[in-house]
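# Results of the structural survey
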Amino acid sequence: MDIAYVVTTVLAAAAALLAAGIDVVRAEWVRTNMRAYGVPESWLTPLAVVKALGGTALLAGLAFPPIGVAAAAGLVLYFVGAVLTVVRARFYTHIGYPLPYLLLAAASLGLFVAS
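Predicted, not measured: the structure shown is a model, and the values here were computed from it.

Conventions used here
- Residues numbered from 1 in each chain as written.
- Predicted model: local features only at pLDDT ≥ 70, side-chain atom pairs only at ≥ 80, totals over all residues.
- Heavy atoms only, no water.
- Helix = DSSP H or I, 4+ residues; strand = E, 2+ residues; numbered from the N terminus.
- Rg over C-alpha atoms; globule rule 2.2 N^0.38 Å.
- Buried < 20%, exposed > 50% of the residue type's maximum accessible area, 1.4 Å probe, protein only.
- Contact = heavy atoms within 4.5 Å.
- Areas by Shrake-Rupley, 256 points an atom, 1.4 Å probe, with all protein chains shown as cover.
- Lys, Arg positive; Asp, Glu negative; His and termini not counted.
- Charge placed at Lys NZ, Arg CZ, Asp CG, Glu CD.
- Phe/Tyr/Trp six-rings, centres within 6.5 Å; stacked < 30°, edge-to-face > 60°.
- Patch = residues over 30% accessible without salt bridge, like charges linked within 9 Å, V, L, I, M, F, W, Y side chains within 5 Å.
- Salt bridge = Lys/Arg side-chain N within 4 Å of Asp/Glu carboxyl O.
- UniProt positions renumbered as here; feature names shortened; annotations may be inferred.

## Some thoughts on the overall build of the protein
On a plain count of helices and strands, the protein comes out with five helices and zero strands. Sequence-ordered secondary structure for the protein, helices as α and strands as β, is α-α-α-α-α. Relative to a compact globule of 115 residues, whose C-alpha radius of gyration would be 13 Å, the protein shows 14 Å and is just as compact. With respect to the principal axes defined by its C-alpha atoms, the protein has extents near 40 × 25 × 15 Å. Per-residue burial for the protein yields a buried fraction of 34% across its 115 residues. Considering only residue pairs separated by 6 or more positions, the protein has 64% of its internal contacts joining residues 24 or more positions apart. Accessible surface, the protein as shown: approximately 6200 Å² in total, 76% of it carbon and sulfur. Charge-centre separation for the protein: the mean point of 6 positive side chains lies 11 Å from the mean point of 4 negative side chains.

What follows is the structure in structure tokens.
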């Protein structure tokens, strides 16, 4: 297994799990942003679950690669949706929040495919 893939995957998993934790504690800035994007606050828990499962599955994918590939692809789709949500709400200055998560998930998927 390539070192770059392992490091990127662990970083992507940590980022997804951190983002899930922030959603779980319902940080005020997250709730404010979600309202501004038109996302109901009731969606925070399901979105946190998706991120937590994705992060956990990325780590599991280090032992069983098909799970990691599915998790990386799922997180890429999730964060593309997050970017589109920010763009749809015309909060272009907020694009910097979901973009790093998207890039980490995409890098994990890309490095797996390349290895």
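## Thoughts on the packing of aromatic side chains
The geometry of two aromatic rings is summed up by the distance between their centres and the angle between their planes. Under the defined criterion, the tally for this structure stands at six aromatic pairs. Ring geometry for Phe-79 against Tyr-101: centres 5.3 Å apart, planes inclined by 15°, an arrangement best described as stacked. Linking Phe-79 in helix H4 (residues 65-88) with Tyr-101 in helix H5 (residues 98-114), this pair joins segments that are 22 residues apart in sequence. The same class applies to Phe-79 and to Tyr-101, which are both buried. Each member of the aromatic cluster is reached from another via a ring pair, and the members are Trp-29, Tyr-78, Phe-79, Tyr-97 and Tyr-101.

## Points about a nonpolar patch on the surface
The grouping of Ile-3, Val-7 and Leu-11 at the surface amounts to a nonpolar patch, some 300 Å² of accessible area in total. Mapped onto the secondary structure, Ile-3 falls in helix H1 (residues 3-24).

## Quick look at the pattern of salt bridges
Per the counting criterion, the structure on display carries five salt bridges. For Arg-31, the salt bridge identified is with Glu-41, shortest N-O distance 3.3 Å. Within this pair, whereas Arg-31 is found in helix H2 (residues 28-37), its partner Glu-41 is found in the loop between H2 and helix H3 (44-60), the two being separated by 10 residues in sequence. Since its relative accessible area comes to 24%, Arg-31 is described here as partly exposed. On the basis of relative accessibility, which here comes to 34%, the residue Glu-41 falls in the partly exposed class. Note that Glu-41 is salt-bridged to Arg-35, the shortest N-O span being 3.7 Å. When its relative accessible area of 47% is taken as the criterion, Arg-35 is described as partly exposed. One network of salt bridges, with partners in common, ties together Glu-28, Arg-31, Arg-35 and Glu-41.

## Some words on the UniProt feature "transmembrane region" (unreviewed entry) in the protein
As annotated in UniProt, the feature "transmembrane region" (unreviewed entry) corresponds to residues 69-89 and 95-114 in the numbering used here. For the annotated span residues 69-89, helix accounts for 95% and strand for 0% of the residues, and the straight-line distance between the end C-alpha atoms is 30 Å. Taken end to end, residues 95-114 comprises 85% helix and 0% strand; its first and last C-alpha atoms sit 28 Å apart.

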